[in-house]
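Coordinate analysis (summary)
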There are 2 protein chains.
Amino acid sequence: MGNQELFKALADPTRRDVLRMLRGGSRTAGELAEAFPMTRASLTHHFNVLKSAGLVRSERRGQHQLYSLNTSVFEEAANLLMDLFGRNGKD
Amino acid sequence: MGNQELFKALADPTRRDVLRMLRGGSRTAGELAEAFPMTRASLTHHFNVLKSAGLVRSERRGQHQLYSLNTSVFEEAANLLMDLFGRNGKD
DNA sequence: TAGATATTTAGAATACTATCTAATTATCAT
DNA sequence: ATGATAATTAGATAGTATTCTAAATATCTA
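A few points on the structure. (Residues numbered from 1 in each chain as written. Chains lettered and ligands numbered in written order. Predicted model: local features only at pLDDT ≥ 70, side-chain atom pairs only at ≥ 80, totals over all residues. Heavy atoms only, no water.)

Some thoughts on the interface of chain B and chain A
On the chain A side, the residues contacting the 26 residues of chain B number 26 residues. Both sides together, the interface formed by chain B and chain A hides about 2500 Å², and carbon and sulfur atoms give 69% of it. Looking only at chain B, the three residues that lose the most surface to chain A are B:Phe74, B:Leu84 and B:Phe85, adding up to 30% of its buried area. A salt bridge links A:Asp83 to B:Arg23, with the nearest nitrogen and oxygen atoms 3.1 Å apart. Connecting chain B to chain A are eight residue pairs in polar contact (both at pLDDT 80 or more). For the side of chain B that touches chain A, the secondary structure elements donating two or more residues are helix H1 (3-10), helix H2 (13-22) and helix H5 (73-85) of chain B. (Contact = heavy atoms within 4.5 Å. Buried area = accessible area lost by both parts, 1.4 Å probe. Salt bridge = Lys/Arg side-chain N within 4 Å of Asp/Glu carboxyl O. Polar contact = N/O pair within 3.5 Å; in protein donor to acceptor, adjacent residues only side chain to side chain. Helix = DSSP H or I, 4+ residues; strand = E, 2+ residues; numbered from the N terminus.)

The following block contains the structure:
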């Protein structure tokens, strides 16, 4: 997935809000879109960035697209942070 | 200092490399600059971004400027990450 | 099949970021 | 004071990101 993509994905406030919303469980693109003052097209762009970074997954459910948090990236993200501050030797 | 500034600061690979270099202790602007294939002016820009985010501090030492890691932000950064993945209720 | 709803894709505009060169400020040493 | 060294600031440019509108695709229902 790439560290750079991960950090870049987390650098946008809209995308972080999306992640927070998904903490509560899967949501359709439309449900997520209602919470943001921008078009669905713009949101789709953010979903794609989050997917490329491995932070979310998506799955079609009829005419809806269901997005969910990929919690397994959490450990990776935590390790990256620790690396930056010297708490372990990993990369 | 602002979460947005923190995430933005971490989103650039040069700035993350600077942080890694500072894990080993304080370094002057010139010492840091030698490790990067860009001008000192460009590095100064990155130092300023890191300072605004509270990730580093600087201090004049004669004609040198000494940069050092501000490890106290580590906890804050870790909390922000946890928030995004639902491990605690903060923020 | 036709229409309605949900979402994505394509292309363009605007704003932001990283980087450069040139000029400036600050400190040291003679 | 003068010149040398260290670092920053200012202004410009190129690349990237965010957002929009309009068009396209996919699925459901009648």
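Regarding the sheet that holds strand S2 (residues 56-61) of chain A
Residues and elements named next belong to chain A. With antiparallel pairing, the three strands of this open sheet are ordered in space as S1-S3-S2. The outermost strands of the open sheet, each flanked by one partner alone, are strand S1 (27-28) and S2. Where S2 lies against strand S3 (residues 64-69), six bridges are found, and the strand directions are antiparallel. From the neighbouring strand, arginine 60 faces S3, where its bridge partner is glutamine 65. (Pairing = 2+ DSSP bridges.)

What to know about empty space enclosed by the protein
With a probe scaled to a water molecule rolled over the atoms, the places where space remains empty come into view. A complete count under the given rule lists one cavity of 30 Å³ or more for this structure. Estimated volume of the largest cavity: approximately 110 Å³. A:Leu6, A:Phe7, A:Leu10, A:Ala77, A:Leu81, B:Leu6, B:Phe7, B:Leu10, B:Ala77, B:Leu80 and B:Leu81 together form the lining of the largest cavity. Elements with a contribution of two residues or more to the lining of the largest cavity: helix H1 (3-10) and helix H5 (73-85) of chain A together with H1 and H5 of chain B. Residues that form the lining of the largest cavity fall into these classes: 11 nonpolar, no polar and no charged. (1 Å grid on protein atoms, 1.4 Å probe; cavity = no way out; pocket = protein on both sides within 12 Å on 5 of 7 lines; lining within 4 Å. Points joined across faces, edges and corners; volume = space filled by probe spheres on them. Nonpolar A, V, L, I, M, F, W, Y, C, P; charged D, E, K, R; others polar.)

A look at helix H2 (residues 13-23) of chain A
Along an α-helix, a turn takes 3.6 residues, which lines up residues three or four apart on a common side. Residues and elements named next belong to chain A. Within H2, the full set of buried residues consists of Thr14, Arg15, Arg16, Val18, Leu19 and Leu22. The opening residue of H2, the one whose side-chain oxygen lies 2.9 Å from the backbone nitrogen of threonine 14, is aspartate 12. Of the residues one or two after H2, glycine 25 is the one with positive phi, at around 125°. (Buried < 20%, exposed > 50% of the residue type's maximum accessible area, 1.4 Å probe, protein only.)

Points about the packing of aromatic side chains
Residues and elements named next belong to chain A. In total, this model carries four aromatic pairs over all chains according to the counting rule given. The interplanar angle of 35° and the centroid separation of 4.4 Å between the aromatic rings of phenylalanine 47 and tyrosine 67 together place this pair among those described as tilted. A residue pair is termed long-range when its members are at least 10 positions apart, and phenylalanine 47 in helix H4 (residues 40-52) and tyrosine 67 in strand S3 qualify at 20 residues. Pair check on accessibility: phenylalanine 47 and tyrosine 67 agree, each one buried. (Phe/Tyr/Trp six-rings, centres within 6.5 Å; stacked < 30°, edge-to-face > 60°.)

What about the protein's contact with DNA strand D?
A:Ser42, A:His46, B:Gly30, B:Thr44 and B:Tyr67 are the nearest of the 23 residues found near DNA strand D. Taking the atoms of DNA strand D that fall within 4 Å of the protein, sugar and phosphate contribute 79% of them. Take A:Thr39: an N or O atom from its main chain is 2.9 Å from a phosphate oxygen of DNA strand D. B:Ala29 has a polar backbone atom sitting 3.3 Å from a phosphate oxygen of DNA strand D. Looking at the surface near DNA strand D, the elements with two or more residues in it are H4 of chain A together with helix H3 (29-34), helix H4 (40-52) and strand S3 (64-69) of chain B. (Near = heavy atom within 4 Å.)

Overview of the protein's contact with DNA strand C
If you check the shell around DNA strand C, you find 24 residues, and the closest are A:Gly30, A:Tyr67, B:Thr39, B:Ser42 and B:His46. For DNA strand C, the backbone portion of the atoms within 4 Å of the protein, that is sugar and phosphate, comes to 78%. Within the backbone of A:Gly30, a nitrogen or oxygen atom sits 2.7 Å from a phosphate oxygen of DNA strand C. A distance of 3.4 Å separates a base oxygen of DNA strand C from a polar side-chain atom of A:Gln63. Classifying every residue of the surface near DNA strand C gives six nonpolar, 13 polar and five charged.

As far as function goes, none of this settles anything; it's purely spatial.
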